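Examining the three-dimensional arrangement
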Amino acid sequence: MSLNDTPRGERVCIGFFGKRNAGKSSLVNSFTGQKLSIVSDVKGTTTDPVYKAMELLPLGPVEIVDTPGFDDEGELGELRIKKCFEVMRKIDAAIIVIDISENYDSRVDSILAGLKERSIPTIIALNKADMSEASGSDVEKKLEELKAAGINNSLLTMRVSALKGVGIEELKSKTAEILNRGEIKDRELLPDCVKPNDLVVLVVPIDSAAPKGRLILPQQQVIRALLERGALSVVTTVETLALTLDSLKTRPKLVVTDSQAFGEVSKIVPEDILLTGFSVLFAKYKGDLEWQTEGASTLDEIKTGDKILIAEGCTHHRQCGDIGTVKLPNWIRKYTNSEPEFTFVSGGEFSSKEDLASYKLVIHCGGCMLNPNEMKYRVNASRNEGVPITNYGIAIAKMHGILDRSLEVFNK
């Protein structure tokens with residue numbers, strides 16, 4: 001991936017929802033200008049969420065999600081409907097596609113309720129408008145009744161035709177508008193203390209777990225953020241860090257290290273230079289730094305048999321020295337002098353409400369591959385069950401006795 005690419009976790013996410021054969025996939029294709037989704041008269045053609053990255057002016061990079069029909073049937077259909085609600089965890093805006101020629105389906109109410117609960121701005125796209133000349137369809141009358149009753153009165157409703165291309169440009173414009181009115185704000189990965197012309201040293205271990213020939217996403221994103229802020233960056237390894245610091249004419253404002261090297265790096269970097277980790281930055285950037293910092297204190301209470309969930313936002317081939325499944329558990333065993341029971345999940349997996357309640361602690365990666373909404377969902381899901389959650393960098397800093405130092409960067 002080049003520095004010019006926008007990572008998936010940084011894209012605004014727009015979800016399309018609708019019954020089977022409402023023309024949802026056709027509208028997605030018309031909206032994106034691409035044959036993103038398979039279109040068929042057979043109900044249930046879309047069986048899993050389909051994701052597509054695109055540029056949507058004036059928003060810029062977005063990710064479109066075409067979901068299965070929320071009226072699917074049978075045991076498999078229930079799983080597909082569950083996928084619809086899982087998509088709600090990560091989207092920034094929703095478009096509900098309804099066939100204007102049909103009667104209003106009360107199952108739309110559950111989708112609306114789920115979106116309202118998450119404060120997701122929503123547009124109802126009344127599709128197949130070219131087939132209905134009536135000024136007031138059953139669907140439109142029902143939606144007006146809901147508005148009059150004060151239910152979902154902020155909903156924007158508009159007529160479109162995926163087949164004829166009617167209203168598509170206006171739908172794009174309105175989608176951008178509701179997103180700009182929503183809670184999407186410019187987020188800063190770097191702490192405020194980093195100013196233009198400041199020097200920042202990045203410590204990147206090159207070991208068996210490092211991907212060959214490239215830097216991992218958090219490292220790329222921090223480099224890009226430094227370039228955008230006008231700061232200077234130097235990239236080095238743990239082994240060459242001391243030599244790098246001695247060779248610099250300008251004293252660094254900050255050193256950012258891979259979490260697994262926290263212990264070694266903290267012994268090399270002088271106390272008067274700020275030190276933090278990539279995943280600590282991401283805890284502030286995408287998660288809830290205060291809550292995850294508080295969660296790290298649970299490590300002092302861990303006993304043999306306690307269940308700990310270790311979660312990663314991406315999936316990758318496990319190496320012999322994998323940080324999540326090998327190094328982190330070993331540090332926890334040493335720090336707590338106990339033998340906890342570890343569970344590992346990755347990618348789109350995350351424990352259900354019932355499962356979460358059984359854990360003493362959740363330790364999550366920095367979430368560079370997850371968008372802020374999904375990361376917020378995971379943090380809040382744990383919080384709602386009364387289960388402490390922290391992340392890799394914060395937990396490792398805690399176990400190496402440098403947590404306060406790694407957080408000082410946010411107080412300068």
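Residues numbered from 1 in each chain as written. Predicted model: local features only at pLDDT ≥ 70, side-chain atom pairs only at ≥ 80, totals over all residues. Heavy atoms only, no water.

Attention shifts here to the packing of aromatic side chains. Under the defined criterion, the tally for this structure stands at 3 aromatic pairs. Between Phe 282 and Tyr 285, the ring centres sit 5.8 Å apart and the planes meet at 85°, which makes this aromatic pair edge-to-face. One end of the pair, Phe 282, and the other, Tyr 285, are both in helix H9 (residues 278-286), 3 residues apart, so they sit about a helical turn from each other. Across this residue pair, the class does not change: Phe 282 and Tyr 285 are buried. Their ring planes at 20° and their centres at 6.3 Å tell us that Phe 342 and Phe 344 sit as a pair that is stacked. Looking at Lys 284, its charged tip hangs above the ring of Phe 410, at a distance of 6.0 Å from the centre. The cationic tip of Lys 307 hangs over the ring face of Tyr 359; the distance from NZ or CZ to the ring centre is 4.8 Å. (Phe/Tyr/Trp six-rings, centres within 6.5 Å; stacked < 30°, edge-to-face > 60°. Helix = DSSP H or I, 4+ residues; strand = E, 2+ residues; numbered from the N terminus. Buried < 20%, exposed > 50% of the residue type's maximum accessible area, 1.4 Å probe, protein only. Lys NZ or Arg CZ within 6 Å of the ring centre and 35° of its normal.)

For the rest of this paragraph, the subject is helix H6 (residues 217-229). End to end, H6 covers 18 Å across 13 residues, agreeing with the expected 18 Å (1.5 Å per residue, within 8%). Of all 13 residues in H6, 10 are buried, a share of seventy percent or more. Every buried residue of H6 is accounted for by Leu 217, Pro 218, Gln 219, Gln 220, Gln 221, Val 222, Ile 223, Ala 225, Leu 226 and Arg 229. Close packing links the buried residues of H6 with strand S7 (199-203), strand S8 (232-236) and H9. Just past H6, the residue Gly 230 takes up positive phi, approximately 85°. (Expected span 1.5 Å × (residues − 1). Contact = heavy atoms within 4.5 Å.)

Turning our attention to the packing of H9 against helix H14 (residues 392-399). Orientation of H9 relative to H14, taken along the N-to-C sense of each, is 125°, at an axis distance of 7 Å. By the criterion of interaxial angle, the relationship of H9 to H14 is oblique. The two elements H9 and H14 meet at a crossing, and its hand is left-handed. Here H9 contributes Ser 279, Val 280 and Ala 283 to the contact with H14, which in turn contributes Tyr 392, Gly 393 and Ile 394. (Axes fitted to C-alpha atoms, helices over the stretch in contact; angles between N-to-C directions. Parallel < 35°, antiparallel > 145°, perpendicular 65-115°, else oblique. Left-handed = near helix turned anticlockwise from the far one by under 90°.)

This paragraph deals with the packing of H6 against H9. Remark: H6 packs on H9, axes separated minimally by 10 Å, with the N-to-C direction vectors making an angle of 75°. It follows that H6 is roughly perpendicular to H9 by the angle criterion. On the side of H6, the interface is formed by Pro 218, Gln 219, Gln 221 and Val 222, while H9 contributes Phe 278, Leu 281, Phe 282 and Tyr 285. Here the contact of H6 with H9 is built from residues that sort into 6 nonpolar, 2 polar and no charged. (Nonpolar A, V, L, I, M, F, W, Y, C, P; charged D, E, K, R; others polar.)

A few words on the pattern of salt bridges. All chains considered together, the criterion is met by 19 salt bridges. Salt-bridge contacts for Glu 177 lead to Lys 174; the nearest nitrogen and oxygen are separated by 3.8 Å. Of this pair, Glu 177 and Lys 174 both sit in helix H5 (residues 168-181), 3 residues apart, which is roughly one turn of the helix. Classification of Glu 177 as partly exposed rests on a relative accessible area of 35%. With its nearest N and O atoms 2.9 Å apart, the salt bridge here joins Glu 374 to Arg 378. Of this pair, Glu 374 and Arg 378 are both found in helix H13 (residues 372-384), 4 residues apart, which corresponds to roughly one turn of the helix. Per residue, the accessibility class of Glu 374 equals that of Arg 378, and both read buried. Three or more residues joined by partner-sharing salt bridges are found here, namely Lys 19, Glu 102, Asp 105 and Arg 107. (Salt bridge = Lys/Arg side-chain N within 4 Å of Asp/Glu carboxyl O.)

Quick look at the sheet that holds strand S11 (residues 307-311) now. With parallel pairing, 4 strands are arranged side by side in an open sheet as S12-S11-S13-S14. If you trace the sheet from one side to the other, it starts and ends with strand S12 (341-345) and strand S14 (389-391), each paired once. Each strand of the sheet is rotated relative to its neighbour by a mean of 25°, with strand direction disregarded. As paired elements, strand S13 (residues 361-364) and S14 share 3 bridges and run parallel to each other. Looking across to S14, one finds that Val 362 is bridged to Ile 389. (Pairing = 2+ DSSP bridges.)

So, to be careful, I would describe these as geometric facts and stop short of saying anything about function.
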